[in-house]
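# Analysis of the macromolecular model
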Amino acid sequence: QIPSMGNLITELSVKSAIINLNANAGLYAEDDLVFRLGATTASVFEGLQAKLDGTTSLTTKRGIKLANSLSLENRHIEGTHDSSISMSTETFETAISVATVAKIALPILNLDANQNLVADTKTKANAVSTFRIKGDLNLPVIKAVGKAEADHSLKLEGSFEYVSIESSTKANMDGTVLEDYLLLGVLDNDANLYLNKDGLRSTSKVIADTKLNQGATKLMGMDVNENIAVEASLSRVYAVLKYTGNNEANLFDFNTNGKHVVQATIDLAPTSSLTADIEINLSQPSSLGDLTIFEKTVAEVTAAKQKISTNGKVVSPLYTTNLAAEVEGDASVFKVILKSSATSVIVLLEYDMDGEL
């Protein structure tokens, strides 16, 4: 029980030629314990006029609950914040909620943000969080105009048996500079994780794309697509990676247009076997010459047989090299084959090697 001890109230007033401030605060202790805060400003300058209100309360009826509320009003900045946490004194179940809204309005920038969190432990621990922001920009000095927005969400569930996490981020932007330069950007990212007594499962996806154009001419561009999946336990780890990236640039007298691809699959049983297939293929032709890198590695390792092979290739305007290696055998006898060669406009760098062991 909260003892009754009366109310405590205080006020403050300040006046000047530029701004007047009036503020008050009060602590009220009756059935609940409540604290209130308020303030207002008046001024010949509109940007200095503001109003602030805040409340905090504590109640012990049917459990314990602490709640907060805050609001701000101004020509350029305004926002609200509400939060609460409650707990049952019988079951100790807990619930939390948080909500925040903010807005900024300036001659060159407008921004809106919204955040929300809800969590409780009624049947299991779970929480959901969301965040959204969007805005627009206007800089007349360099004739820059643009807008952007982003959304992020996070979901968490957990108990003594399992934990689950889901995350998502979406964002995009577009704008112009000096009226003729166009900038675009997109991001899409999802990730999931699930963990229990049997092991872990996780997936991740990333898609990103950016462009910078001058009129109909693409000056720079890049896009990425990546997917990762992992399953892991005490007896096995299995992972898959797929990555594709493209890039392009046309600046002054230089231009390039590349494509990068990476694929990998790994299957590992710590006590018995390993299989792997990894391939990297990078191509980057440009006005300075072409660059190519290729590498592939394959492994198959068991108690009865071990075999690992790789070949790598690098092609550049000045130098080209090839490498191939293979190891095969069992625990007592191994056979190693190695081949390597190189060609170059510089004759001293050329060689050809072939070996077996």
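Here's a quick rundown of the structure. (Residues numbered from 1 in each chain as written. Predicted model: local features only at pLDDT ≥ 70, side-chain atom pairs only at ≥ 80, totals over all residues. Heavy atoms only, no water.)

### Focus: the packing of aromatic side chains
Aromatic ring pairs are reported here in terms of the distance separating the ring centres and the angle at which the planes meet. Selection criterion: In this analysis, rings of Phe, Tyr and Trp, with Trp reduced to its six-membered ring, are considered paired at centre separations within 6.5 Å, and the interplanar angle assigns stacked below 30 degrees, edge-to-face beyond 60, and tilted for intermediate values. Put simply, DSSP marks the helices as runs of H or I at least four residues long and the strands as runs of E at least two long, and each gets a number from the N terminus on. The cut-offs for exposure are 20% and 50% of the maximum accessible area for each residue type, with area from a 1.4 Å probe on protein chains only; residues under the lower value are buried, those over the upper are exposed, and the others partly exposed. In this scheme, Lys NZ or Arg CZ marks a charge over a ring once it lies within 6 Å of the ring centre and within 35 degrees of the ring normal.
Summed over the entire model, instances satisfying the criterion amount to one aromatic pair. Judged by centre distance (5.6 Å) and plane angle (20 degrees), the rings of Tyr162 and Tyr194 are stacked. Of this pair, Tyr162 sits in strand E11 (residues 162-177) while Tyr194 is found in strand E12 (residues 181-196), placing the two residues 32 residues apart along the sequence. When its relative accessible area of 17% is taken as the criterion, Tyr162 is described as buried. The ring of Tyr28 carries Arg36 above its face, with NZ or CZ at 5.2 Å from the centroid.

### Re a nonpolar patch on the surface
Selection rule: Patch membership is restricted to residues that have no salt bridge and whose relative accessible area is over 30%. Joining uses 9 Å for like charges and 5 Å for the nonpolar side chains Val, Leu, Ile, Met, Phe, Trp and Tyr. Every accessible area reported is derived by Shrake-Rupley at a probe size of 1.4 Å, with residue values counting cover from the shown protein chains alone. Take a side-chain nitrogen of Lys or Arg and a carboxyl oxygen of Asp or Glu: if they are within 4 Å of each other, that pair is a salt bridge.
Among the surface-exposed residues, Leu154, Leu156, Val163, Ile165 and Leu195 lie close enough to one another that they form a single nonpolar patch of about 340 Å² accessible area. Secondary structure elements with two or more residues in the nonpolar patch: strand E10 (144-158) and E11. Locating Leu156 in the fold gives a position in strand E10. For Leu156, a relative accessible area of 38% gives the class partly exposed.

### Details of the side chain of Ser43
Selection criterion: Any pair of nitrogen or oxygen atoms within 3.5 Å is treated as a polar contact; in protein, a donor-acceptor pairing is required on top of that, and neighbouring residues in sequence qualify only through side-chain atoms on both sides. Note on contacts: a residue pair qualifies if any of its non-hydrogen atoms lie within 4.5 Å across the two residues.
By secondary structure assignment, the location of Ser43 is in strand E3 (residues 33-43). Here the side chain of Ser43 touches Phe45 through a polar contact of 3.0 Å, landing on its backbone nitrogen. Apart from residues lying up to four places away in sequence, Ser43 is in contact with Ile18, Ile19, Leu48 and Gln49.

### What to know about the pattern of salt bridges
Tallied over the full model, the rule gives 18 salt bridges. In this structure, Lys143 and Glu179 form a salt bridge, with 3.9 Å as the shortest nitrogen-oxygen distance. Here Glu179 lies in the loop between E11 and E12 and Lys143 lies in the loop between strand E9 (125-139) and E10, a separation of 36 residues in the sequence. Overall, Glu179 belongs to the exposed group, its relative accessible area being 61%. Residue Lys296 pairs with Glu279 through a salt bridge whose shortest N-O separation is 3.3 Å. Of this pair, Lys296 sits in strand E18 (residues 289-302) while Glu279 sits in strand E17 (residues 273-286), and the two are 17 residues apart along the sequence.

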